[in-house]
Amino acid sequence: MKRTGMEGSFAIAEAIKLARVEAVAAYPITPQTHIVERLAEFVANGELDAEYIPVESEHSAMSACLGTSAVGARTFTATASQGLELMHEVLYVASGLRLPIVMTVANRALSAPLSIWTDHSDAMATRDCGWIQIFAENAQQAFDLTLCAFRIAEDPIVLLPTMFHIDGFYVSHTIESVEFLEQEVVDKFLPEYRHPYPLDPDKPVTIGAFGPPFIYTEAKKAHEAALRSSKKVILRVWQEFSKLSGRHYSPVESYKAEDADVLLLCMGSFSETAMMAIDKMQAEGQKVGLIRLRLWRPFPTEELRQAVSKAQVLIILDRALSLGGTPPVCSEIQAALYPLKTRPKIVSFVGSLGGREISAQGFEEVIRHGVDKAKQGELDEFEIIGVRE
Amino acid sequence: MESLAIYVPRLVTTKEYFAPGHRACMGCGEALAVRLVCKALGRNIIIANATGCMEIVSSPLPSTSWEVPWIHTLFENTAAVASGIEAGIKVLRRKGKYTKRTKVVAMAGDGGTADIGFQALSGVLERGHDLIYICFDNEAYMNTGIQRSSSTPLGASTTTSPAGKVSIGQTTWKKNMPAIAVAHDIPYVATACHSYPFDLMNKISKAIEIKGPSYIHILSVCPTGWRLPSDLTIKAGRLAIETGIFPLYEVEKDRYTLNLDFPQLRPIEDYFKLQGRFRHLSKEITSQIQERVAAEYAKLKKKATSNNY
Ligand SMILES: Cc1ncc(C[n+]2csc(CCOP(=O)(O)OP(=O)(O)O)c2C)c(N)n1
Ligand code: SF4
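Heads up: these notes are all about the structure in this document.

Conventions adopted
- Residues numbered from 1 in each chain as written.
- Chains lettered and ligands numbered in written order.
- Predicted model: local features only at pLDDT ≥ 70, side-chain atom pairs only at ≥ 80, totals over all residues.
- Heavy atoms only, no water.
- Helix = DSSP H or I, 4+ residues; strand = E, 2+ residues; numbered from the N terminus.
- Rg over C-alpha atoms; globule rule 2.2 N^0.38 Å.
- Buried < 20%, exposed > 50% of the residue type's maximum accessible area, 1.4 Å probe, protein only.
- Areas by Shrake-Rupley, 256 points an atom, 1.4 Å probe, with all protein chains shown as cover.
- Lys, Arg positive; Asp, Glu negative; His and termini not counted.
- Charge placed at Lys NZ, Arg CZ, Asp CG, Glu CD.
- Patch = residues over 30% accessible without salt bridge, like charges linked within 9 Å, V, L, I, M, F, W, Y side chains within 5 Å.
- Salt bridge = Lys/Arg side-chain N within 4 Å of Asp/Glu carboxyl O.
- Near = heavy atom within 4 Å.
- Polar contact = N/O pair within 3.5 Å; in protein donor to acceptor, adjacent residues only side chain to side chain.
- Contact = heavy atoms within 4.5 Å.
- Buried area = accessible area lost by both parts, 1.4 Å probe.
- Expected span 1.5 Å × (residues − 1).
- Pairing = 2+ DSSP bridges.
- Axes fitted to C-alpha atoms, helices over the stretch in contact; angles between N-to-C directions.
- Core = buried A, V, L, I, M, F, W, Y, C linked by side-chain atoms within 4.5 Å.
- Nonpolar A, V, L, I, M, F, W, Y, C, P; charged D, E, K, R; others polar.
- Phe/Tyr/Trp six-rings, centres within 6.5 Å; stacked < 30°, edge-to-face > 60°.
- Lys NZ or Arg CZ within 6 Å of the ring centre and 35° of its normal.

1. Brief notes about the overall build of chain B
Regarding its fold elements, chain B presents twelve helices and ten strands. Since a compact globule built from 309 residues should have a radius of gyration of about 19 Å, the 19 Å found for chain B is in line with a globular shape. Judged by the C-alpha coordinates and their principal axes, chain B covers about 65 × 50 × 40 Å. Per-residue burial over chain B gives 58% buried out of 309 residues. Of the roughly 13,100 Å² of accessible surface on chain B, a fraction of 57% belongs to carbon and sulfur atoms. In chain B, the 37 positive side-chain charges and the 27 negative ones have mean positions that sit 4 Å from each other.

Next up, the structure:
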């Protein structure tokens, strides 16, 4: 297995090539652009035998993906922010029709004001669209999870589109050391995609018929059941992948959390910086640990409950607002823990909107401030950290 | 012998790919047009259909009127979905995983074509996908209850462009979609109407053979939206052509052909008076429209004659 220094976007493009993707729909938006640019080069050089569809908008990008996937071609696209929002309507169709499209989202804040920098507002706005959603923290994970995403999405009992999130710039534009897999290894891991009911004149099917009230609920229930039961496939695929690569992934990952009274929970590249804060505070003898939420949909309720069962305080750092409501990750976690008799006190913070940095020292402050709030019982409202007054 | 020579080319398959039992209104010209189109397309096709009357009347779960592979996803993205199907087949064929010669067909109403789906359509025509795009133009958003579209003709009363004390109904001229398609420099553009079934089916057969995008614009009479007795659908379609309001023509590359020409066009009143949607129009407005129709027809005729060789 070779190890190369490479930008996160290019590492993803390498994974797409190794996955022998057959159709790529592309529409540029920062910070996703490098992915589809690199794929265009691969196609132009004959390194990847795929149809490259340079569409006129993201709405059409996802729509073209519906078509390529429905005839049975392995399909990929990438987007961010406004592009993801423009796709919004089509995302529900992709999952409702059970088309295993794989998409990278290079997370970026939403307008207005216009911002090209990272936060998770775009991801959270698509929370309920019925896709499998996974967060990667660095280039290596992006490479690994891209390959896994196809295996998961195309599994005959899953057949659901899969979105994997990387933080814009932090992952997409940072050069890191990445360990790649050989083509033969990937070929074995990832068999050919065959949709069980493709559009085919020899076996005509009607796809996307309309659902009167007597059948709509049942269709949605089936979708919900499929998404939930995808978790066992996700676990199996990640396990297989770990045998292949030595790298382990699970829905909820704990970092130095065994004896921790206080846990910090976050998603995406943040957790890399947060680890530094945890290391330092533990060295000082403090009982703090870190929880990284890897799988966002289906929501890993069981694993989360398990991971926080011994903690007294759980500090949740959201990178998005739910304007006028509770921050999205926090509200999910509150909902997951509420039925338990004993549960940690939850402190909710929102930070790093539109690309504002939080340093390792910043994370220490967040944890300290969270513990104070928990002691004082100030658990009612979330707080946006680092606001300049 | 002689009568056979006339008869045989007019033989049409008895096979229906748009099966009976759909829920279109009585006398629906759009349903008739779809049926004729499907006969001409045959079975080796894949259809992507936009939201609108035809999708709704043909596909309430758990039944379907489609005897060919058919996909509906959204209102405005049909061209894009079709382009994906075409691209998908292309790559699978290259890799030896798909061996049939299948034509991809996109179908949408005038709203799904001239308004909300306009961008996706333009993208597809510009990228040159090998597919047929068919607009079934009933001159309004019929599925949602007769609202105006940019394809509604001037003076027509609809629920969002109602005729009133100070309004004539639709205040803008019908968008010229075929001309816009021609401007994309595609190999084949044609207009058609269900009231001329052989002309319509011939055009579809031609489009199947063409490599690259074709655009076919089919005037589809809607008795419900046009306020017209349902037994007058065919007649209304014929009058649209005989008055020159909707000429039947083809554009192959830059060559225009007027398929049905009339030494003398009928007055547009003949067409208007059948329909409730034009009932309120004054003589003045009618003659304004008449002038425009004559001018547009003359322009088209000039294009058609200037490329005669
Ligand atoms: C994004 C979106 N906006 C609005 C609608 C509602 N809608 C469904 S069909 C339709 C009108 C269809 O009109 P047209 O394309 O002319 O076809 P027709 O029904 O007349 O055949 C509208 C507005 C929708 N389905 N999706
Ligand atoms: S409303 Fe018009 S187009 Fe729609 S089904 Fe009825 S007649 Fe046909």
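2. Looking at a nonpolar patch on the surface
Side chains of Leu4, Tyr7, Val8 and Leu11 of chain B sit close together on the surface and give an oily, nonpolar patch of about 410 Å² of accessible area. Tracing the chain through its elements places Leu11 of chain B in the loop between helix H1 (2-7) and helix H2 (29-41).

3. Observations concerning the site of ligand 1
Taken together, 18 residues surround ligand 1, and among them Glu30, Cys53, Gly111, Gly112 and Asn138 of chain B come closest. Mapping the residues adjacent to ligand 1 onto the chains of the assembly identifies chains A and B. In this structure, Asp110 of chain B approaches ligand 1 through a side-chain N or O atom, which is 3.0 Å from an oxygen atom. In the model, an oxygen atom of ligand 1 is placed 2.9 Å from a nitrogen or oxygen of the Gly111 of chain B main chain. When the free accessible area of ligand 1 is taken as 590 Å², the share hidden by the protein chains comes to 77%.

4. Examining the interface of chain B and chain A
If you look at the interface, chain B gives 44 residues, while chain A gives 42 residues. Here chain B meets chain A over a buried area of about 3,400 Å², counting both sides, of which 61% is carbon and sulfur. Contact with chain A buries area across many residues of chain B, yet Leu61, Lys97 and Arg127 of chain B alone supply 16% of it, more than any other trio. Connecting chain B to chain A are ten salt bridges.

5. Topic: unusual backbone geometry
Of note, the amide linkage connecting Thr30 of chain A to Pro31 of chain A takes the cis form, showing an omega dihedral of 0°. In the segment running from Ser111 of chain A into Ala112 of chain A, the intervening peptide bond is cis, with an omega of -5°. Despite not being glycine, Phe169 of chain A shows a phi value in the positive range, around 65°. Structurally, the position occupied by Phe169 of chain A is in the loop between strand E7 (162-167) and strand E8 (175-179). Overall, Phe169 of chain A belongs to the partly exposed group, its relative accessible area being 23%. Of note in this structure, Glu139 of chain B is not a glycine but carries a positive phi near 65°. You can see Glu139 of chain B is positioned in the loop between strand E4 (131-137) and strand E5 (163-164).

6. Looking at helix H4 (residues 81-96) of chain A
Residue and element names in this part refer to chain A. Between the first and last C-alpha of H4 there are 22 Å, a value that for 16 residues agrees with the 22 Å anticipated at 1.5 Å per step. On the buried face of H4, the contacting elements are helix H3 (58-70), strand E4 (75-79), strand E5 (102-107), helix H5 (121-125), E7 and helix H8 (213-245). Looking one or two residues past H4, Arg98 carries a phi angle of roughly 60°, positive in sign.

7. As for the sheet that holds E7 of chain A
Residue and element names in this part refer to chain A. Reading across the sheet, the seven strands line up as E3-E2-E4-E5-E7-E6-E13 and stay open at both edges, with mixed pairing between neighbours. Both edges of this open sheet fall to strand E3 (51-53) and strand E13 (295-297), since each of them pairs with a single strand only. Adjacent strand axes in the sheet meet at a mean angle of 20°, parallel and antiparallel pairs treated alike. Note: E5 against E7, six bridges, orientation parallel. Note on E7: the bridge partner recorded for Met103 is Met163.

8. A few points about the nonpolar core
Proteins that are soluble and globular tend to have nonpolar side chains buried together. Counting 94 residues, the largest nonpolar core has Met62, Leu91, Met103 and Trp131 of chain A together with Ile71, Ile85 and Tyr215 of chain B as the members making the most contacts within it. Among the elements that line this core, the one with the most residues is helix H4 (residues 78-94) of chain B, at nine residues. Counting residues in each nonpolar core, the second largest holds 57 residues, with Ala19, Ile29, Ile152 and Val186 of chain A among its members.

9. Topic: the site of ligand 2
Close to ligand 2 lie Ala24, Cys25, Cys28, Glu30, Cys53, Asn138, Met142, Cys222, Pro223 and Thr224 of chain B. Tallied by class, residues from the shell around ligand 2 come to seven nonpolar, two polar and one charged.

10. Some remarks on the packing of aromatic side chains
All told, the structure shown has 14 aromatic pairs over all chains when counted by the stated rule. Counting every residue linked through ring pairs, the aromatic cluster contains Trp226, Tyr271, Phe272 and Phe278 of chain B. Its end group placed over the ring of Phe270 of chain A, Arg319 of chain A keeps NZ or CZ at 3.9 Å from the ring centre.

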